[in-house]
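Report on the structure
So you can see what is in the structure, the chains are spelled out below.
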Amino acid sequence: MLPLTFVVMLAAAVVGYATEDADTNSGSGSGGGRSSFGKSGEAGQDPQDQDPAATAPAGDGNAYTPRRTEQNARVGALFEKDDSGDHFCTASVVQSPGRNMLITAAHCAFDSDGKTPVDDLVFAPDYRDHDEPTGLWKVKKVVLDDRWTESNDEDLDVAFLVLEKKKGKQIQDVLGGNTLGIDRGYRNEVKITGYPTSRDTPISCQNRTTKFSNTQLRIHCTHFEGGTSGSPWLADYDPKSHTGTVIGVLGGHEGGGDEDDVSYAAYFDDDVAALYKRAQEEH
């Protein structure tokens, strides 16, 4: 089957960002959340800088601290209400006609206790050490598959978040966005970037995905612990257009995995394509 990729043509330049990552090394990972689910971060943890991979090479599967680049600026930390508490999940900008959409894991945006979408999420793109270059962006709508809300179906652990404008602009106008990849197969070279709750800087990792099941991808990347749920799995990054294709988000099986060094993502199939279409219609 040929891969189906939703592409919204975009020309965007973000001044002040480098175009490549440095191989500086640093890592930390993902684990609990609103309901301590999967690799969402556990509220109440005291964030602290940790560099467990400082002496490890930034080779395949090893986490490192990425530089500030145009690509990395589209990934950010999720908070509740404002940035005074802990960030507990990760999200990223995905292209859409409304130019106002993020993608993350469903368990990051759904209150399992109250059986309702979280209604006070804010997004801090390119968040580092309490610095927010473009400020906080308020989520105005959470779009989830009904089967996730009913049964926490791990194969549907994907959510689209629609953002409010900020200073008259949509987030894609400011940061650009990545495309959404559907049915891309089980073996892809990807870069994953996420925000462990224990850190105030992101981590990144490159490696090849493998097939865990017909509906789940698996990857080995060190130190992806609590807070990295929702991290985009980015393939086919084009340095000329500054865009890549999101083929998964950290989540799915075991909420993303119960080991820091092994993570999962629900396979993006027709169900995710339908959810993406619904999010566009409801924006």
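What counts, and where the lines are drawn
- Residues numbered from 1 in each chain as written.
- Predicted model: local features only at pLDDT ≥ 70, side-chain atom pairs only at ≥ 80, totals over all residues.
- Heavy atoms only, no water.
- Pairing = 2+ DSSP bridges.
- Helix = DSSP H or I, 4+ residues; strand = E, 2+ residues; numbered from the N terminus.
- Axes fitted to C-alpha atoms, helices over the stretch in contact; angles between N-to-C directions.
- 1 Å grid on protein atoms, 1.4 Å probe; cavity = no way out; pocket = protein on both sides within 12 Å on 5 of 7 lines; lining within 4 Å.
- Points joined across faces, edges and corners; volume = space filled by probe spheres on them.
- Nonpolar A, V, L, I, M, F, W, Y, C, P; charged D, E, K, R; others polar.
- Expected span 1.5 Å × (residues − 1).
- Buried < 20%, exposed > 50% of the residue type's maximum accessible area, 1.4 Å probe, protein only.
- Arc of directions from axis to C-beta.
- Polar contact = N/O pair within 3.5 Å; in protein donor to acceptor, adjacent residues only side chain to side chain.
- Salt bridge = Lys/Arg side-chain N within 4 Å of Asp/Glu carboxyl O.
- Disulfide = S-S within 2.5 Å.

1. Considering the sheet that holds strand β4 (residues 101-104)
By definition, the strands of a sheet pair up through backbone hydrogen bonds, in either a parallel or an antiparallel sense. In spatial order, the strands read β2-β3-β4-β9-β8-β7; together these six strands close into a barrel with antiparallel pairing. Geometrically, the sheet is characterised by an average inter-axis angle of 40 degrees between neighbouring strands, direction not taken into account. Judged from the two bridges that link them, strand β7 (residues 121-125) and strand β8 (residues 137-144) form a sheet pairing that is antiparallel. Bridge pairing in β8 links valine 122 to lysine 138.

2. A few points about empty space enclosed by the protein
This model, assessed by the stated rule, comprises three cavities of 30 Å³ or more. Its boundaries defined by the atoms lining it, the largest cavity holds a volume of some 60 Å³. Around the largest cavity, the lining residues are Gln71, Asn72, Val75, Asn178, Lys191, Ile192, Thr193, Pro232 and Leu234. Of all the secondary structure elements, the ones that give two or more residues to the lining of the largest cavity are β11 (189-194) and β15 (232-238). Here the element with the most residues in the lining of the largest cavity is β11; it accounts for three residues. Within the lining of the largest cavity, the residues separate by chemical class into four nonpolar, four polar and one charged.

3. Some details on helix α3 (residues 270-281)
Over its 12 residues, α3 extends 17 Å from the first C-alpha to the last, a length consistent with the 16 Å expected when each residue adds 1.5 Å. When α3 is considered as a whole, its buried residues turn out to be Val272, Ala273, Leu275, Tyr276 and Ala279. Projected down its long axis, α3 carries its buried residues within an arc of 160 degrees, all on one side. Set apart from the buried face of α3 by more than 90 degrees, the exposed residues are Asp270, Lys277 and Glu281.

4. A word on the side chain of threonine 65
Take threonine 65: it is sitting in the loop between β1 (4-6) and β2 (75-80). Within the structure, the side chain of threonine 65 is placed 3.0 Å from the side chain of arginine 199, a separation counted as a polar contact.

5. Description of the pattern of salt bridges
In the structure shown here, the tally under the stated rule is 10 salt bridges. Notably, a salt bridge pairs aspartate 126 with arginine 68, separated by 3.1 Å at the nearest N-O pair. Note that aspartate 126 is positioned in the loop between β7 and β8 and arginine 68 in the loop between β1 and β2, a separation of 58 residues in sequence. A single network of salt bridges, built from pairs that share partners, joins Arg68, Asp126, Arg128 and Asp131.

6. Details of the sheet that holds strand β13 (residues 210-213)
The sheet built from three strands is open, its strands ordered β13-β14-β17 with antiparallel pairing. With partners counted over all chains shown, the strands left at the sheet margins are β13 and β17 (262-266), one partner each. Direction aside, neighbouring strands of the sheet carry axes that sit 35 degrees apart on average. Relative to β17, strand β14 (residues 216-220) is paired through five bridges, and the arrangement is antiparallel. Considered in β17, the bridge of leucine 217 is made with alanine 265.

7. Focus: the state of the cysteines
Applying the stated criterion across every chain, the model contains two disulfides. The side chain of cysteine 89 participates in a disulfide bridge whose partner is cysteine 108; the two sulfur atoms lie 2.1 Å from each other. Between cysteine 89 and cysteine 108, the S-S torsion sits near -80 degrees, and that sign places the bridge as left-handed. With cysteine 89 in strand β3 (residues 89-93) and cysteine 108 in the loop between β4 and β5 (110-111), the pair connects residues that are 19 residues apart, well separated along the chain.

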